[in-house]
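# Coordinate inspection notes
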Amino acid sequence: QGLPVVTVTKIIDHSHLNADGMLSLSTLLKWMDITACLAAELHCRKMSVTISMDEVSFPAEEYGKVAVGQALLLRGQVNN
């Protein structure tokens, strides 16, 4: 039996963008945290919280390339 995978879909709207019209990093990190928590809770069948993150990086050429109305898919899975 494989490890559970969680997929969260968010539709980008104007409230998700910063003053430069790019996706807000704080919004993206929040969504990533929620997705990771859902995966952890599904895996261990208990409430979970994020204690720390080792590293998060966004390729500069890819960051912010979203437009209002686009769907953003976030995938979370617990690793062995």
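Scroll up to find the structure.
This write-up is about the structure you can find in this document.

What counts and what doesn't
- Residue positions are given per chain, counted from 1 along the sequence in the order it is written.
- Local features in this predicted model are restricted to residues whose pLDDT is 70 or higher, and side-chain atom pairs enter the listing and the counts only when it is 80 or higher, whereas totals over whole chains, interfaces and linings include all residues.
- In computing side-chain properties, one takes all heavy atoms of the structure into account and sets aside hydrogens as well as water.
- A helix here means a DSSP run of H or I that spans at least four residues, while a strand means a run of E at least two residues long, and both kinds are numbered starting from the N terminus.
- Every residue pair with non-hydrogen atoms within 4.5 Å of one another is taken to be in contact.
- In this analysis, the protein atoms alone were mapped onto a 1 Å grid. Cavities are point sets where a 1.4 Å probe fits without being able to get out; pockets are open sets with protein on both sides within 12 Å along at least five of seven lines; lining residues have an atom within 4 Å of a point.
- Grid points are joined across faces, edges and corners, and a volume is the space filled by probe spheres set on the points.
- Residue polarity is assigned by list, with Asp, Glu, Lys and Arg as charged and Ala, Val, Leu, Ile, Met, Phe, Trp, Tyr, Cys and Pro as nonpolar; anything else, Gly included, falls into the polar class.
- Here, two cysteine sulfur atoms that lie within 2.5 Å of each other are counted as a disulfide.

On the secondary structure map, Met 32 appears in helix α1 (residues 25-44). For the pair Met 32 and Leu 74, spaced 42 residues apart in the sequence, the C-alpha separation amounts to 6.8 Å. Excluding anything up to four places from it in sequence, Met 32 contacts Val 56, Phe 58 and Leu 74.

Position of His 43 relative to the elements: it lies in helix α1. Sequence spacing of His 43 and Leu 17 is 26 residues, and the spatial spacing of their C-alpha atoms is 32 Å. When residues no more than four places from it in sequence are discounted, the contact partners of His 43 are Leu 3, Pro 4 and Val 78.

Below, the discussion takes up the layout of surface pockets. Counted as a void, the largest pocket has a volume near 230 Å³. Considering the residues around the largest pocket, the lining is formed by Asp 33, Ala 36, Cys 37, Ala 40, Ser 48, Val 49, Thr 50, Ser 52 and Met 53. Considered class by class, the residues forming the lining of the largest pocket number five nonpolar, three polar and one charged.

A few words on the state of the cysteines. Covalent bonding between the sulfur atoms of two cysteines defines a disulfide. Using the criterion set out here, one finds zero disulfides in the structure. Unpaired in terms of disulfides, Cys 44 finds its nearest cysteine sulfur in Cys 37, a separation of 8.6 Å.

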